[in-house]
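Given next are the chains, with one letter for each unit.
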Amino acid sequence: MLSVDSLDVAYGEIRALKGVGLQVGRGEIVTILGNNGAGKTTTLKTISGLLQPLRGTITLEAESLVGVPPHEIVGRGVAHVPEGRRIFNRLTVRENLMMGAYPRRDAGVPADLERVVTLFPRLKERITQVAGTLSGGEQQMLAIGRALMANPRLLLLDEPSMGLAPVLVEQIFDTIADINRQGTTILLVEQNAAMALSIAHRGYVLETGAIALAGTATELADNPEVRRAYLGE
Amino acid sequence: MDYPLLLGIFPQVFLDGIILGFMYALIALGYTMVYGVLEFINFAHSEIFIVGAFVGVELLLGLKSVGLLDGLPWPLVLFLTLVAGMAASGLLAVTVERVAYRPLRNAPRLIPLISAIGISFFLQDLIRLFESLWRNAFNLVYPTIDVLNLRFELTETIDVSVKSLVVIVAALLMLWALHVIVNRTTIGTAIRAVAEDQAAASLMGINVNRIISLTFLIGGAMGGAAGVLFGVQYGLINPYTGFIPGLKAFTAAVLGGIGNIPGAMLGGLVLGLLEAFAASYLSLLTGGAFGAEYKDIFAFSVLIVILIFRPKGLLGEIVRERA
Ligand SMILES: Nc1ncnc2c1ncn2[C@@H]1O[C@H](COP(=O)(O)OP(=O)(O)OP(=O)(O)O)[C@@H](O)[C@H]1O
Ligand SMILES: [Mg+2]
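Residues numbered from 1 in each chain as written. Chains lettered and ligands numbered in written order. Predicted model: local features only at pLDDT ≥ 70, side-chain atom pairs only at ≥ 80, totals over all residues. Heavy atoms only, no water.

**So, the sheet that holds strand E9 (residues 202-207) of chain A**
Strand pairing in a sheet takes place through backbone hydrogen bonds and is either antiparallel or parallel in direction. Residues and elements named next belong to chain A. Taken together, six strands build an open sheet; the order of strands is E6-E7-E8-E3-E9-E10 and the sheet is mixed. Of all strands in the sheet, those bounded by a partner on one side alone are strand E6 (78-81) and strand E10 (210-216). Across the sheet, the mean angle from the axis of one strand to that of its neighbour is 15°, orientation sign disregarded. Where E6 lies against strand E7 (residues 154-158), four bridges are found, and the strand directions are parallel. Its bridge partner being in E7, Val81 is matched across the sheet by Leu157. Helix-sheet contacts for helix H7 (residues 166-181) involve strand E3 (29-33), E7 and strand E8 (185-190), and the interaxial angle to E8 is about 155°. (Pairing = 2+ DSSP bridges. Helix = DSSP H or I, 4+ residues; strand = E, 2+ residues; numbered from the N terminus. Axes fitted to C-alpha atoms, helices over the stretch in contact; angles between N-to-C directions. Contact = heavy atoms within 4.5 Å.)

Printed below as a string of structure tokens:
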């Protein structure tokens with residue numbers, strides 16, 4: 001479904017990605033693991049159009065995404081839950097969710113709203129509340145729910161576990177697996193490698209801007225390098 | 001001290017203050033909306049405002065020259081004038097953004113500010129050039145519509161002109177419409193989303209540049225409406241008339257909390273009332289030691305005091321954000 005090849009991205013003089021390539025097949029959960037500064041966020045931002053690559057290709061179902069502005073990439077079925085959630089603090093929960101469906105003109109929006117508040121009942125209770133007053137976990141649910149309102153084919157998730165208590169992390173990952181079972185393909189960036197590998201089908205390890213390892217989730221979880229560097233053994 | 005006199009003129013002064021305040025509020029919206037999305041002070045907004053007044057006066061003079069000013073019903077004439085002023089100022093604001101600000105979006109902050117000041121001078125002199133070629137005139141006077149100058153006596157000491165009522169009603173309608181657009185429509189929610197986080201808004205599928213243009217369009221149109229109402233109310237305009245009301249409206253926006261829409265409305269009203277009361281009461285209360293010419297000093301001293309205690313303005317930062 002998504003194919004990234006030989007991607008080079010730089011911030012001015014700083015080269016953040018050097019020849020990154022990865023594939024995401026329809027229906028998969030694929031995870032990108034890596035330490036701080038490895039280039040995970042940069043990869044997602046380039047896919048969703050927030051950053052322009054110096055070189056390389058990004059294709060979604062045979063169509064190139066390079067040079068397409070972010071607001072049009074959403075229309076092609078890619079929704080991005082950014083690092084740090086980036087919900088609209090001054091908007092209500094409902095307004096945040098409706099912004100997720102902003103470009104949609106189809107009749108399916110109310111049904112998707114229903115689906116999101118079923119996935120996250122907390123959001124239903126707080127639907128008229130200003131989003132800035134939500135707890136961290138609720139904000140993460142809102143960020144994911146808001147992206148689902150675009151009814152995406154591909155969902156990009158950047159560290160959904162960041163800053164959450166372990167119980168909540170587990171709950172969020174269960175929901176991500178649910179979303180995937182309902183038919184959405186997922187590209188998941190995580191530092192919590194154990195959790196990510198527990199729900200992913202395949203994964204990549206990113207080290208200083210390049211892919212160091214690739215394999216199925218089981219292969220990666222059994223790999224001694226991965227166990228030492230990312231699973232804390 | 002002459003207490004009956006002080007009390008007697010109170011309603012009249014209050015009314016004057018409200019009218020001036022609505023004028024400031026309408027102009028202040030243009031500053032505050034643009035600041036809300038771009039964190040940038042559009043210093044050319046005072047000229048965008050006065051262009052509305054000029055388009056209004058040109059339309060009225062044009063109607064007059066073909067004999068339609070008294071031929072058409074006056075509410076229609078006023079409505080057309082307002083629409084023309086709003087359209088002209090709105091489109092001008094969009095053009096200015098496109099030409100002078102957007103190419104500088106990623107430049108250091110001072111650069112677009114200087115561009116705005118340049119546009120401000122450019123527009124002043126462009127209006128001056130146009131009017132000197134077209135009418136050989138510097139000052140223009142809004143033609144009178146007789147109905148508008150009728151006055152009702154409310155009591156023995158207070159009377160209201162039709163014109164004042166029209167200005168108040170028009171301003172209220174405009175502020176209400178803006179409130180509905182910004183708070184009750186999807187496009188208005190998108191404006192607020194872009195104001196908060198442009199990158200996140202673009203990830204929602206919002207075309208950020210289009211929303212920025214729309215913000216300039218709405219803010220410019222409000223300024224144009226204020227321009228027409230200013231002309232109708234005070235009559236005399238010249239190419240440099242926009243500067244002082246613009247500066248005061250900007251102050252009103254800061255007073256209310258820059259970037260905050262209800263704040264701009266409140267700030268405008270507070271400033272208008274302060275100014276009106278200072279103009280009428282200073283000399284009465286100080287036995288003539290300070291005359292009406294001190295009104296700005298008084299009004300701005302109060303503003304400074306308010307800002308010392310509320311640096312973010314009256315309504316600034318009411319929402320506390322969690323990390
Ligand atoms: N806006 C920026 N300007 C300059 N350099 C940047 C910028 N954003 C990221 N970088 C650099 O690019 C590299 C990759 O950063 P990126 O944010 O993609 O890492 P990451 O893998 O997401 O890290 P983390 O796990 O900490 O979120 C880092 O060296 C970082 O310092
Ligand atoms: Mg990151």
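**Here we look at the interface of chain A and chain B**
Contacts between chain A and chain B engage 25 residues on the former and 26 residues on the latter. When residues of chain A are sorted by the area they lose upon contact with chain B, Phe88, Arg90 and Tyr102 of chain A head the list and together hold 29% of the total. In this assembly, chain A and chain B are joined by three salt bridges. Between Arg90 of chain A and Glu196 of chain B there is a salt bridge whose closest N-O contact spans 3.7 Å. On inspection of chain A and its partner chain B, the count reaches five residue pairs in polar contact (both at pLDDT 80 or more). Grouping the constituent residues of the side of chain A that touches chain B by class yields twelve nonpolar, nine polar and four charged. (Buried area = accessible area lost by both parts, 1.4 Å probe. Salt bridge = Lys/Arg side-chain N within 4 Å of Asp/Glu carboxyl O. Polar contact = N/O pair within 3.5 Å; in protein donor to acceptor, adjacent residues only side chain to side chain. Nonpolar A, V, L, I, M, F, W, Y, C, P; charged D, E, K, R; others polar.)

**Looking at a nonpolar patch on the surface**
Among the surface-exposed residues, Leu76, Phe79, Leu80 and Val83 of chain B lie close enough to one another that they form a single nonpolar patch of about 340 Å² accessible area. Within the secondary structure layout, Leu76 of chain B lies in helix H4 (residues 74-101). (Patch = residues over 30% accessible without salt bridge, like charges linked within 9 Å, V, L, I, M, F, W, Y side chains within 5 Å. Areas by Shrake-Rupley, 256 points an atom, 1.4 Å probe, with all protein chains shown as cover.)

**Some words on the side chain of Ser213 of chain B**
Tracing the backbone through its elements, the reader meets Ser213 of chain B in helix H10 (residues 208-234). If we ignore the near neighbours within four places in the chain, the residues touching Ser213 of chain B are Val94, Glu97 and Arg102 of chain B.

**A few points about the site of ligand 1**
Residue and element names in this part refer to chain A. Neighbouring residues of ligand 1: 14 residues in total, closest Asn36, Lys40, Thr41, Thr42 and Glu83. Here an oxygen atom of ligand 1 sits 2.9 Å away from a polar atom, N or O, in the main chain of Gly39. Between ligand 1 and the protein, one listed contact pairs an oxygen atom with a side-chain N or O atom of Lys40 at 2.7 Å. Taking 630 Å² as the accessible area of ligand 1 by itself, protein coverage stands at 64%. Going through the elements one at a time, strand E2 (14-24) and helix H1 (40-47) are the ones with two or more residues in the shell around ligand 1. Here the shell around ligand 1 gets three residues from one element, more than from any other, and that element is H1. (Near = heavy atom within 4 Å.)

**Side note on the coordination of the magnesium ion (ligand 2)**
Residues and elements named next belong to chain A. Looking at the metal site, the magnesium ion (ligand 2) is ligated by Thr41 (OG1) and Glu83 (OE), spaced 1.9 to 2.2 Å from it. Separated by 42 residues along the polypeptide, Thr41 in helix H1 and Glu83 in the loop between E6 and helix H3 (93-100) bring together distant segments of the chain. Judged by relative accessible area, which is 17%, Thr41 ranks as buried. (Donors = N, O, S within 2.8 Å, 3.2 Å for Na, K, Ca; no water. Buried < 20%, exposed > 50% of the residue type's maximum accessible area, 1.4 Å probe, protein only.)

**Some thoughts on the environment of Leu220 of chain A**
Residues and elements named next belong to chain A. By the secondary structure assignment, Leu220 is in helix H9 (residues 217-222). Residues Leu220 and Arg202, spaced 18 residues apart in sequence, show a C-alpha to C-alpha distance of 8.3 Å. Setting aside residues up to four positions removed in sequence, Leu220 forms contacts with Leu197, Gly203, Tyr204, Val205, Leu213, Ala214, Gly215 and Val226.

**Remarks on the confidence of the model for chain B**
All names here are of chain B. Per-residue confidence for chain B gives a mean pLDDT of 91; residues scoring 70 or more make up 98%. Contacts from residues 318-323, a stretch scored under 50 in pLDDT, to residues over four places away or in other chains number 14 contacts. The ipTM value of the predicted complex is 0.94, and its pTM value is 0.92. (pLDDT = per-residue confidence, 0-100.)

**Side note on H1 of chain A**
Across the eight residues that make up H1 of chain A, a large majority, seven, are buried. Looking one or two places after H1 of chain A, you find Gly49 of chain A, whose phi comes out positive at around 90°.

**Considering the nonpolar core**
Formed by 96 residues in total, the largest nonpolar core has its most connected members in Met99 of chain A together with Leu178, Ile206 and Ile237 of chain B. Here the element with the most residues in this core is helix H2 (residues 10-38) of chain B; it accounts for 16 residues. Every residue in contact with Met99 of chain A, bar those within four places of it in the chain, is listed here: Phe88 and Leu91 of chain A together with Thr186, Thr189, Ala190, Ala193, Met204 and Ile206 of chain B. In terms of nonpolar packing, the next biggest core, distinct from the first, is built from 49 residues, Val169, Leu188, Ala193 and Leu220 of chain A among them. (Core = buried A, V, L, I, M, F, W, Y, C linked by side-chain atoms within 4.5 Å.)

**Overview of the sheet that holds strand E1 (residues 2-11) of chain A**
Residues and elements named next belong to chain A. Strands sit in the order E2-E1-E4-E5 across an open sheet of four strands; the sheet is antiparallel. Only two strands of the sheet have a single neighbouring strand rather than two, namely E2 and strand E5 (63-64). In this structure, E1 lies alongside E2, joined through eight bridges in antiparallel fashion. Bridge pairing in E2 places Tyr11 opposite Ile14. Packed on one face of the sheet, H1 meets E1, E2 and strand E4 (55-60) and runs near 115° to E1.

**Observations regarding helix H11 (residues 243-256) of chain B**
Residues and elements named next belong to chain B. Here H11 spans 20 Å end to end across 14 residues, near enough to the 20 Å set by a 1.5 Å rise per residue. Taken across its 14 residues, H11 has ten buried, putting it largely inside the fold. Turning to H11, its buried residues are Pro245, Gly246, Lys248, Ala249, Phe250, Thr251, Ala252, Ala253, Leu255 and Gly256. Tucked inside the fold, the buried residues of H11 contact H2, helix H3 (45-65), H10, helix H12 (261-285) and helix H13 (295-309). (Expected span 1.5 Å × (residues − 1).)

**Notes on the packing of H3 of chain A against helix H6 (residues 136-148) of chain A**
All names here are of chain A. Remark: H3 packs on H6, axes separated minimally by 6 Å, with the N-to-C direction vectors making an angle of 35°. Crossing angle aside, the handedness with which H3 passes H6 is right-handed. Residues Val93, Asn96, Leu97 and Gly100 of H3 form the contact with H6, whose participating residues are Leu142, Gly145 and Arg146. Taken together, the residues of the contact of H3 with H6 break down into three nonpolar, three polar and one charged. (Left-handed = near helix turned anticlockwise from the far one by under 90°.)

**Some thoughts on the pairing of E10 of chain A**
All names here are of chain A. Note that E9 and E10 share six bridges and pair antiparallel. Along E10, the bridge assignment pairs Arg202 with Thr216. Between E9 and E10, which pair antiparallel and follow one another directly, the connecting turn spans two residues, one of which, Thr208, has a positive phi of 35°.

**Side note on the packing of H2 of chain B against H3 of chain B**
Residues and elements named next belong to chain B. Packing of H2 against H3 brings their axes to within 10 Å, and their N-to-C directions diverge by 140°. Classified by the angle between their axes, H2 and H3 sit oblique to one another. Viewed along their axes, H2 and H3 form a crossing whose handedness is right-handed. Across the interface between the two elements, Ile27, Gly30 and Tyr31 from H2 touch His45, Ser46 and Phe49 from H3. (Parallel < 35°, antiparallel > 145°, perpendicular 65-115°, else oblique.)

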